[in-house]
Amino acid sequence: MNDSLARIITSNIEHYMLPLARVLMRNPHLTAMRDGFQLAMPFVFIGCMFVPILFPPFSEVTTGPAAWWLSMANTLRPFLLPSYQLTLGVMGLMIAFGVSSSLAKQYQLPERLSGLTGCMAFLMLAGMHEQNEETLRFLGGAGLFTALIASVYSVEIIRFFFKRGWYISMPEDVPVLTVQSFKFLIPILVVLLSISSFDLALHNNFGVHFPQLIEKIFRPLVLASDSLLAVLISILVCQLLWFMGIHGALIVTGIMNPFWMSNLIENQDALEAGLDVLPHIYLPAFWDFFILIGGVGSTLPLVYLAMKSRVSQLRTVGKISLIPSIFNINEPILFGFPVIMNPLFLLPFVFVPMLNASIAWFLTSAGILENVVLLIPWSVPAPIGAAWAANGSITNVLMVILAMVNSYFIYLPFFRAHEKILSAQQEERMNAQRAS
């Protein structure tokens, strides 16, 4: 890669991308949303773990291990189904609490009471007082955007009243929780009455509650989020930010998580309904196991190349990086080569995950790869995670292997050039030491 071109690209990234990235990373609302999803993750993981048991990837078998699996699923379904339905079925409520409490913590407000206020705001904004099947589904993935908006709104109201001292004060000798409870009375009343008035006006004029309105308005955006263009743009943003030393994956996943969670629930509903074709492709496991193999930039093959290098620095980095990279942690590679801020690696670092994502997208669209139906921890090794997330798909494992081969051959010439530079520097140092 031409050095002058690399410097121009790096300079433009620094000028245009870094200021925006810094603003996004410092934004309290995006931080709260990320924290809210992380708080709900253990429950979502548990719910997803039951999917292969409850919904085996086959049916109508009478012999062999598959028949035993199907029999076990039928036996355990009454026992496991409530946990599956409730962990995923109240995801919106959990996220409402997590976002509210995280935002309150950043504003130095009482976290627990703020979290509960966010939950109440979410329930009212979702029209949960009607308690019918249509509104109850908004407790889960269908109500995520409502949960985010209700949480932020409620905490901002609380902050507004607290900053102006518009609350009921109590004597100093009263227990802290009682003092906080009385301080929250007026803000909570304003939150509930304002949301109730808004919901009533919305229902009387348009015949819908807020989550239903959100679904109609954002449906084109949700569909756009599950497209190859969305995949490529999110990869480009993530890789460019990481190249500058900023954790781009946190920003991208923070933006995509509401779409991903809603789409994941729709895939699981389609699987439960017995549909042959699931509606969504771009989901967390697609991102983690087809795009970030060994970590951001799909750098796992670089570990192998480094371990075989004739340069001692690269061999050391490769040995240190092996175990973390298997579990998709590649900071030793990113900072040890380095890849970060190294113009030589900019092109493969950006285009390797783009190529693999495009191949995986088209193969999934063609029905060759299986759609994702599970939420799997990102630290699971890529071949295992890709198969597990698609309910035991062998073809998804083969896709990961293909992606690793692609990564190896694309990174190879850039690695050789980098190795040659380091080898020359190493030889110069050795000559200098001999001369001294």
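Look above for the structure.
Residues numbered from 1 in each chain as written. Predicted model: local features only at pLDDT ≥ 70, side-chain atom pairs only at ≥ 80, totals over all residues. Heavy atoms only, no water.

A. Representation of the pattern of salt bridges. Under the criterion given, the structure shown has three salt bridges. Between Arg159 and Glu156 there is a salt bridge, and its shortest N-O distance comes to 3.8 Å. Note that Arg159 and Glu156 are positioned in helix H8 (residues 144–163) at a spacing of three residues, about one turn of the helix. Its relative accessible area of 29% is what places Arg159 among the partly exposed residues. What makes Glu156 partly exposed here is its relative accessible area of 25%. For Arg310, the salt bridge is made with Glu419, and the minimal N-O distance between the two is 3.4 Å. (Salt bridge = Lys/Arg side-chain N within 4 Å of Asp/Glu carboxyl O. Helix = DSSP H or I, 4+ residues; strand = E, 2+ residues; numbered from the N terminus. Buried < 20%, exposed > 50% of the residue type's maximum accessible area, 1.4 Å probe, protein only.)

B. Structural detail: the packing of aromatic side chains. A full pass over the atoms with the stated rule returns 15 aromatic pairs. Three or more aromatic residues joined by ring pairs make a cluster, and in this case those are Trp260, Tyr282, Phe286, Trp287 and Phe290. Directly above the aromatic system of Tyr107 lies the positively charged group of Arg159, at a separation of 4.0 Å from the ring centroid. (Phe/Tyr/Trp six-rings, centres within 6.5 Å; stacked < 30°, edge-to-face > 60°. Lys NZ or Arg CZ within 6 Å of the ring centre and 35° of its normal.)

C. Layout of the nonpolar core. With 119 residues, the main nonpolar core has Val231, Tyr282, Phe286, Trp287, Ile291, Leu302 and Phe337 as its most contacted residues. The greatest single-element share of this core, amounting to 11 residues, is contributed by H8. With residues up to four places along the chain from it excluded, the contact list for Val231 reads Tyr282, Phe286, Ile291, Ala357 and Trp361. (Core = buried A, V, L, I, M, F, W, Y, C linked by side-chain atoms within 4.5 Å. Contact = heavy atoms within 4.5 Å.)

D. Up close: unusual backbone geometry. With a phi angle near 50°, Ser298 is a residue other than glycine that sits in the positive phi range. Exposure remark for Ser298: the relative accessible area of 0% places this residue in the buried category. With phi around 65°, Asn391 is a residue other than glycine that occupies positive phi space. You can see Asn391 is positioned in the loop between helix H18 (382–389) and helix H19 (394–435).

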